[in-house]
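Descriptive analysis of the structure
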Amino acid sequence: MRKIFLIVISALLIISCGPQTNRNKDGEKQVITVSILPLKTFVEKIAGDDFDINVLLPPGASPANFTLVPSQLKNISRSEIWFRIGYVGFELSWRDKILQVNSNMKEVNLSEGLDLIRTETAQGNEPGPSAGINPHTWLSSGLVRQMSGRITKELSLLKPEKEKEYEANHQQFLVEIDELDLELRNALAGYEGKQFITFHPSLSYYAREYGLIQHSLEPGGKEPTPQRMARLIDLARKENIGVIYIQSDFDLEQARVFAEEINGEIEQMWPLNPAWADNLREITRMLTAHFND
């Protein structure tokens, strides 16, 4: 695999060193790379279809099994910017290879300046999802509000002639975010302090934003230990929690074992859903439905 990757890299470097007459000719859009689908949505909210957007993690793919394919390498080689979430595992493990493909591509870490959550099992500077920082910032409307400003600034630098249009789109997006936030707060009113259990800690920022308490089987992004499983089984029985939430691209087996132990059920979520606002509404609906059980 490494040999194949290096061969593809070499070919792309030869291409990138050749004439660039076709790169920005009339009718050809500039390319932007984003790590996950929700970031594509955010860019489109601000810039419409002004850019070709290369998504590193395509629909249905699991971050745990990420690998670059030749078509992505070609798109990366043409990209002006890479918008990163910041601490997603595959971003960290593949960062050097991605930047090797295109050393001129601007790297924008959208977690910079945000109020980040450290995992329960942070151990120094471990690589991957357990680097000490929970990466799921895009599931917080408040943090997306902040990230959208950074995205707008970077897109305006790429297309200065569109700065006013992008800022107007940004302001409209902020209105949509604020309306969504109010809708979710109204839906969750009276549920402050309610506890729920997830397999992976994908709802940490969401829970913090709306006063909920998330417990995760793998808080540091690592396989749950028997001790962790036993402690959360006891908690679920004590607090009458009858469901475990798991990402739809994860293996259900361990969640199934947990659900059987609590005589409960499994609910699947897709945190990477590009329909970002509707996804937060659906997550809220799923949680409140079980809070009322």
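Quantities reported herein were computed from a predicted structural model and do not represent experimental measurements.

A look at the packing of aromatic side chains
By the definition in use, this model includes nine aromatic pairs. Arranged with centres 6.0 Å apart and planes meeting at 35°, the rings of Phe-42 and Phe-173 form a pair that is tilted. On the criterion of sequence distance, the pair formed by Phe-42 in helix H2 (residues 37-47) and Phe-173 in helix H6 (residues 163-188) is long-range, its members being 131 residues apart. Phe-173 gets classed as buried once you look at its relative accessible area, which sits at 3%. Between Phe-199 and Phe-250 the ring centres are 6.2 Å apart and the planes differ by 85°, which places this aromatic pair in the edge-to-face class. In this pair, Phe-199 is assigned in the loop between strand S5 (195-198) and helix H7 (204-210) and Phe-250 in the loop between strand S7 (243-247) and helix H9 (253-261), connecting sequence segments 51 residues apart. Look at Phe-199 and you get buried, because its relative accessible area is 5%. Ring pairing ties together the aromatic residues Phe-42, Phe-173 and Trp-276, which thus form one cluster. Looking at Lys-97, its charged tip hangs above the ring of Trp-94, at a distance of 5.6 Å from the centre.

Looking at the sheet that holds strand S3 (residues 79-84)
Here four strands make up an open sheet; going across it, the order is S2-S1-S3-S4 and the pairing parallel. Whereas interior strands pair on both sides, the edge strands pair on one side only; in this sheet they are strand S2 (52-55) and strand S4 (106-109). Neighbour to neighbour, the strand axes of the sheet diverge by 20° on average, direction disregarded. Set on the sheet, helix H3 (residues 70-77) makes contact with strand S1 (31-34), S2 and S3; between it and S2 the angle comes to about 135°. Running over the sheet, helix H4 (residues 89-101) touches S3 and S4 and is turned about 170° from S3.

Let's talk about the layout of surface pockets
Approximately 470 Å³ is the volume attributed to the largest pocket. In terms of lining residues, the largest pocket is bounded by 28 residues, among which Ser-62, Pro-63, Ala-64, His-200 and Phe-250 are the most central. Listed by contribution, the elements that provide at least two residues to the lining of the largest pocket are H4 and H9. Considering each element in turn, the lining of the largest pocket owes the most residues, four residues, to H4. Among the residues forming the lining of the largest pocket, the class breakdown is 15 nonpolar, nine polar and four charged.

Rules and cut-offs
Residues numbered from 1 in each chain as written. Predicted model: local features only at pLDDT ≥ 70, side-chain atom pairs only at ≥ 80, totals over all residues. Heavy atoms only, no water. Phe/Tyr/Trp six-rings, centres within 6.5 Å; stacked < 30°, edge-to-face > 60°. Helix = DSSP H or I, 4+ residues; strand = E, 2+ residues; numbered from the N terminus. Buried < 20%, exposed > 50% of the residue type's maximum accessible area, 1.4 Å probe, protein only. Lys NZ or Arg CZ within 6 Å of the ring centre and 35° of its normal. Pairing = 2+ DSSP bridges. Axes fitted to C-alpha atoms, helices over the stretch in contact; angles between N-to-C directions. Contact = heavy atoms within 4.5 Å. 1 Å grid on protein atoms, 1.4 Å probe; cavity = no way out; pocket = protein on both sides within 12 Å on 5 of 7 lines; lining within 4 Å. Points joined across faces, edges and corners; volume = space filled by probe spheres on them. Nonpolar A, V, L, I, M, F, W, Y, C, P; charged D, E, K, R; others polar.

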